[in-house]
Amino acid sequence: MKFANRIDKLPPYLFVEISKKIAAKRAKGIDVISFGIGDPDIPTPSHIIDSLIAASKVPANHRYPESEGLPEFRKSVRDWYQKRFGVTLDADKEILPLIGSKEGIGHIALCFIDPGDIALVPDPGYPVYSVGTMLAGGQSYYLPLHEENGFLPDLDAIPEDIARKAKVLWLNYPNNPTGAIADAAFFEKAVRFAKKYDIAICHDGPYSDVAFDGYKPISFLQTPGAMDVGIEFHSLSKTFNMTGWRIGMAVGNAQIINSLMRVKSNLDSGIPQAIQQMGIAALKGPQDAIAEHNRIYQHRRDKLCAVLNQMGLKVKPPKASLYIWARIPDGITSADYATRLLEEADTVVTPGRGYGQAGEGYIRFSLTLDDKKFNEGLARLSKFGDKTSKTVKV
Ligand SMILES: *Cc1c(COP(=O)(O)O)cnc(C)c1O
C-alpha cells in the first residue's frame, strides 16, 4: 500500500502517547492518577439526559439529520448567544451546528487553505489548528505565546510578507493550555490586523463559561467588526459537561459559515437529532449548574495551585479554563519532568512541549478529576515535591 505523505506528517495524538504510558503502568497493577486530559468528570445535568431519553423515542430522530442542523437547535444557539454575550446572530445564516467543535476546527482548513497557504497558529495551542492546516496542504506559522505578554500573540511581530500571505488567524481565549484570557482591546487589535491583511479570524471559545472569581469571559463576536472577518467555534462540551455527546457550533460571518456548511454537507450528515434535542435542553434550560461546576473547579484550582507553589513550581491561578499551566524549574525538559512524575509519583501531567515549541518549560494540569482522585493526586504531588526538594536543588 502507498499511503499519502500527510499520514507520515501526522503527529502521534498527544493523549495517545500518554494513554500508552498509563496503560503500561496499569498493566503492572499500579493505580495511576491522571491530570492529563481536559474532560469534565461531572456528569451531564439530568434534565439534559431526560431530553435525550424522550427524543430517542421519536421516530423522526431515527432518520438522517440535515447537515445544517435542526432550526430549533440553531435558534436556541441564537438565543443563548444573545442572552449570554449580547451578540445578535441570524439563526439561518450565521450559525452552523458541529459534531463537537473539534470537527469544525479540523474541517474549516478546507475552506481557506490551498496547498502552500499559511495559517497563523498560536504556540502553545490546541493541536487541531495546525493539523487541520497540514491536512489541507498548508503550513502553520507559529505565534509564540509568552507569559510576559499574558500569553497573547504579538501580532506586530509577524513579518509583513507572512501577514500578507496568511489566510487564517487562530485565536483561543480563555486559552488551552495556558488558562490565559483576552480582553476587548486585544480582540479589537486582532480585528484591525485581520482587516489590514484580509485574513479570516477563527476564534475558538469553548471555555467562555468555565471561569472563576466572578470573571465572565467575553465572546470574540462582541468585538466591533468581528462579524466582518471571523467566526467563533463554541461547544456544549465544557459548559454543560457534554464531551461524550459531540455537539458544538460555529457562529459568525455568514460567508465563512456558508463555506463550512458546504464542505461539511459533502462529508458528514450532521449531529444525531436526539443529541441536538439535548443541545436545545442545555441552552434553553436552567443554567445554574454552570456556576455550581465553576465553584468545584475553582476550589480544585486553589488547592492545586497551593501544592504546586509548595513544590517550587511557579503558577498563577488562572481566571478561566480547566487548566493550570505550571512553569517547571530550569534544566529539565517538560517531557522529562512529566516522565519523572509518572515514574516516581504515579501521576500523569501533559508536557507543555506537546502543545508546541513555546510550551517547553511548562506542564499542564487538568482540573477534571473527581474529588477523591484529585485529592489523592495532590497528596502524591506533595510527596514528590518534598522528595525533590531534598534531592535536587530547584
Ligand atoms: C475541548 C476543546 C475543544 C473541543 O471540544 P469539542 O468537544 O470538540 O467541542 C476545542 N478547542 C479547545 C481549545 C478545547 O480545549
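Residues numbered from 1 in each chain as written. Predicted model: local features only at pLDDT ≥ 70, side-chain atom pairs only at ≥ 80, totals over all residues. Heavy atoms only, no water.

Caption draft 1: Summary view of the site of the ligand. Neighbouring the ligand are 15 residues, the closest being D204, Y207, S235, S237 and K238. Take N176: an N or O atom from its side chain is 2.9 Å from an oxygen atom of the ligand. One nitrogen or oxygen atom from the side chain of Y207 is found 2.6 Å from an oxygen atom belonging to the ligand. Coverage of the ligand by the protein amounts to 94% of the 390 Å² it exposes when considered alone. Take the shell around the ligand: its biggest share by element is three residues, from helix α5 (residues 101-107). (Near = heavy atom within 4 Å. Polar contact = N/O pair within 3.5 Å; in protein donor to acceptor, adjacent residues only side chain to side chain. Areas by Shrake-Rupley, 256 points an atom, 1.4 Å probe, with all protein chains shown as cover. Helix = DSSP H or I, 4+ residues; strand = E, 2+ residues; numbered from the N terminus.)

Caption draft 2: Structural view of the sheet that holds strand β7 (residues 230-235). Pairing is mixed across the open sheet formed by seven strands, whose spatial order is β2-β8-β7-β6-β5-β3-β4. One side of each edge strand has no neighbouring strand; the edge strands of this open sheet are β2 (95-98) and β4 (139-144). Across the sheet, the mean angle separating the axes of adjacent strands is 20° when strand polarity is ignored. Relative to strand β6 (residues 200-204), strand β5 (residues 166-171) runs parallel, the two being bridged by four bridges. By the bridge assignment for β6, L171 is matched with H203. (Pairing = 2+ DSSP bridges. Axes fitted to C-alpha atoms, helices over the stretch in contact; angles between N-to-C directions.)

Caption draft 3: Expanded view of the packing of aromatic side chains. Summed over the entire model, instances satisfying the criterion amount to 17 aromatic pairs. Relative to F365, the ring of F35 has its centre 5.5 Å away and its plane inclined at 70°; by these criteria the two rings are edge-to-face. Of this pair, F35 sits in the loop between β1 (33-34) and α3 (46-56) while F365 sits in strand β12 (residues 362-366); the two residues are 330 residues apart in sequence, bridging distant segments of the chain. Assessed through its relative accessible area of 0%, F365 is described here as buried. Ring geometry for W325 and Y355: centres 6.2 Å apart, planes at 80°, overall edge-to-face. (Phe/Tyr/Trp six-rings, centres within 6.5 Å; stacked < 30°, edge-to-face > 60°. Buried < 20%, exposed > 50% of the residue type's maximum accessible area, 1.4 Å probe, protein only.)

Caption draft 4: A look at the domain arrangement of the chain. Split into domains, the chain comes out as domain 1 (5-43 + 288-388) and domain 2 (46-284). Here the C-alpha centre of domain 2 lies 25 Å away from the C-alpha centre of domain 1. Where domain 1 abuts domain 2, roughly 2,900 Å² becomes buried across the two surfaces, and 59% of that area is made up of carbon and sulfur atoms. There are two salt bridges connecting domain 1 and domain 2. One salt bridge connects R301 with D213, and the closest N-O pair in it is separated by 2.9 Å. (Domains from an automatic or database assignment. Buried area = accessible area lost by both parts, 1.4 Å probe. Salt bridge = Lys/Arg side-chain N within 4 Å of Asp/Glu carboxyl O.)

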